[in-house]
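Spelled out from the first residue to the last, the chains are:
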Amino acid sequence: MGNLMSVKNAIEFVGGDVIVCNKPEDLDKIERIILPGVGAISNCIKKLNESGFTNSLNHEVLIKKKPTLGICLGMQVMASISYEGGEHKCLNWFDAEVIKLTSPNVGYKVPSINWHPINFDPTIPLFEGIPQNSEFYFVHSYFMNLKSDNQLAASYNYPTPITAAILKDNIFATQFHPEKSQDLGLQLLENFLRWNP
Amino acid sequence: MEPLKPKKRLIPKLLLSNRDNNLVVVITKYFDKRILIGDPLSQSKIFQDQSADELIFLNIGNTGIKSLCEVIARVSEEIFMPLTVGGGVRSDNDFRQLLKYGADKISINTVAVKNPKFITEMAYKYGAQCVVVSIDYRIDEEGKPLVYIENGKTKTNLDPVSWAKQAEEFGAGELLICCINQDGSKDGLELEVLKKITEVVKIPVIGSGGCGMAIHFVDGFISANCDAVCAGTFFAHRDQNLIQTRSQIFNSGVNIRMQN
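First, a word on what this report is: a plain description of the structure on this page. All values derive from a computational prediction rather than experimental measurement.

## So, the interface of chain B and chain A
Moving on, step 1. Each side of the interface is counted separately: chain B has 40 residues, and chain A has 40 residues.
Moving on, step 2. Both sides together, the interface formed by chain B and chain A hides about 3300 Å², and carbon and sulfur atoms give 53% of it.
Moving on, step 3. Broken down residue by residue, the surface that chain B buries against chain A is led by Pro6(B), Phe80(B) and Gln129(B), which jointly contribute 23%.
Moving on, step 4. Between chain B and chain A we count four salt bridges in total.
Moving on, step 5. Note that Asp227(B) and Lys109(A) form a salt bridge whose closest N and O atoms lie 2.8 Å from each other.

## Remarks on the pairing of strand S4 (residues 55–59) of chain B
Residue and element names in this part refer to chain B.
Moving on, step 1. With respect to burial, S4 is a largely interior element, five of its five residues being buried.
Moving on, step 2. Pairing between strand S1 (residues 9–19) and S4: four bridges, direction parallel. Each residue of the ladder has a partner; that of Leu16, found in S4, is Asn59.
Moving on, step 3. Taking the sense of rotation as the criterion, the β-α-β connection linking S4, helix H2 (residues 65–76) and strand S5 (residues 83–86) turns out right-handed.

## A short note on the pairing of strand S10 (residues 174–179) of chain B
All names here are of chain B.
Moving on, step 1. In terms of residue burial, S10 counts as a mostly covered element, since six of its six residues are buried.
Moving on, step 2. Where burial is concerned, the two faces of S10 agree: the one with Glu174, Leu176 and Cys178 and the one with Leu175, Ile177 and Cys179 are both buried.
Moving on, step 3. Judged from the six bridges that link them, strand S7 (residues 131–139) and S10 form a sheet pairing that is parallel. The residue of S10 that forms the bridge with Val132 is Glu174.
Moving on, step 4. Note that S10 and strand S11 (residues 205–208) share four bridges and pair parallel. Paired with Cys178 across the strands is Ser208, a residue of S11.

## Let's talk about the sheet that holds strand S1 (residues 33–35) of chain A
Residue and element names in this part refer to chain A.
Moving on, step 1. Spatial ordering of the open sheet is given by S1-S2-S12-S11-S10-S7, a layout of six strands whose pairing is mixed. On the outer flanks of this sheet lie S1 and strand S7 (119–120), each paired with one strand and no other.
Moving on, step 2. Where strand S10 (residues 152–157) lies against strand S11 (residues 161–168), five bridges are found, and the strand directions are antiparallel. In the strand pairing of S11, Leu152 is matched with Ile166.
Moving on, step 3. Strands in contact with helix H3 (residues 53–63) are S1, strand S2 (68–71) and strand S12 (171–174); relative to S1, the strand with the most contacts, it is inclined by about 125°.
Moving on, step 4. Across the face of the sheet, helix H5 (residues 182–194) comes into contact with S1, S2 and S12 while running at roughly 155° to S2.

## Brief notes about the packing of aromatic side chains
Residues and elements named next belong to chain A.
Moving on, step 1. Per the stated rule, a full pass over the model turns up 16 aromatic pairs over all chains.
Moving on, step 2. Ring geometry for Trp115 against Tyr137: centres 5.8 Å apart, planes inclined by 65°, an arrangement best described as edge-to-face. Of this pair, Trp115 sits in strand S6 (residues 112–117) while Tyr137 sits in strand S8 (residues 135–140), placing them 22 residues apart in sequence. The residues Trp115 and Tyr137 share a single accessibility class, namely buried.

About the thresholds
One numbering rule holds for all chains: residues counted from 1, following each sequence as written. Starting at A for chains and at 1 for ligands, labels are handed out in the order in which the entities are written. Note on the predicted model: pLDDT of at least 70 is required for a residue's local features to be given, and 80 or more for side-chain atom pairs to be given and counted; whole-chain, interface and lining totals, by contrast, use all residues. Only heavy atoms go into the side-chain values, all of them from the structure, while hydrogens and water stay out. By definition in these notes, contact holds between two residues if any of their heavy atoms fall within 4.5 Å. Put simply, buried area is the surface a 1.4 Å probe can reach on two separate parts but cannot reach once they are joined, added for both. Salt-bridge detection follows one rule: a side-chain nitrogen of Lys or Arg within 4 Å of a carboxyl oxygen of Asp or Glu. Buried, partly exposed and exposed residues are distinguished by accessible area as a fraction of the type maximum, computed with a 1.4 Å probe on protein chains only: under 20%, between the cut-offs, and over 50%, respectively. Numbering goes from the N terminus for both helices and strands, where a helix is a DSSP run of H or I of at least four residues and a strand is a run of E of at least two. A pair of strands is labelled paired if DSSP reports no fewer than 2 bridges between them. Seen with the strands pointing away from the viewer, any crossover whose path from the first strand over the helix to the second strand runs clockwise is right-handed. To obtain an axis, a line is fitted to C-alpha atoms, over the contacting stretch when the element is a helix, and the angle between two such axes runs from 0 to 180 degrees between their N-to-C directions. Side-chain rings of Phe, Tyr and Trp (the six-membered ring for Trp) are treated as a pair once their centres are within 6.5 Å; stacked means planes under 30 degrees apart, edge-to-face means over 60, and tilted covers the remaining angles.

So, in structure tokens, the structure goes:
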């Protein structure tokens, strides 16, 4: 869905070996999974369901527990439900809903399109080598509202804290785009390649 | 402590034109004269090294989407920063192709004016944050601003402020506003229309056209309230260094990204 090439290029740039999986069966052969995403949820979840990828992902991620990274839409699709353009049941890997950003304050516009400093849990190995309050690039109109705080890996202020990253067992996902966040984004991707959850 | 407001963005503009069957970066003056600047990837690397916030690529070469995709694909191999891409985008397939090859946001201009529903369709399918409506305008001899389409060649009777508001209502996620009278002039942005636009819309606005000094950016951010300023000519020549410009803007009291 959307921006595969940038993610592929970024992973290769930091030394990873990456293939684009066109068929659900392709997931069987690989060691770790990335779900990128640029676009809107309805098309995304529809395609995942229709192609058989949903079943395959559930198996590889939840049962075989392969390290998995979701980016932007790839993170939002992991929620239970998204309200973008209707009501869409998503992968339900996280007990969360995806709802529209509202901007009560002048200066905080919707869509949120900007670099923002993130506040993250420094014990998470995916953030190794990244200073607290480092800036990453966000471009989104909807955000993920987690039911339980202990899955929150990072937040940013818009102006109150909203989800910037989530973590549960072998699944890590970011609202921001590491493949578009220059050096520190590449660092995060490198960390993902080395991650042993 | 009250959180700082979101930062203002600095965005180099890379206009692409056709030279010997290749798309190369050019700068223009009043949307006319084209001066060759260099290769898109080389230029992009300079901006990435100087931590530009985003890049905007606009194909004014009328060479079709495929050639634009090729440039973006090549740039995406080494440039890991936000890319807004436009120029001749007319269809859903154009959107899909450009996003696939590395664009984060797609800019549409002529097609949005001719068929505003296209804005809504693309925003629905790809998300409003992907859809940038680009508005070019000229101020005529009587001081009246009018929207121009087809790369500044065709006059419409649209007022840019009203059209900006409508584009938002149709679903645009961001606006890229450019004054043709100021383009390439180095005399500064046209601030009046820009200010009116930022007052009537709630979505982010990128101002463009005419920056020649750091103070012009500051005017765009403070007087006109733009969320971002986009500049082509200003950044094209090496003596206008992004890092120095950033410092000057910051020292004038504008909250912009200072990390390298």
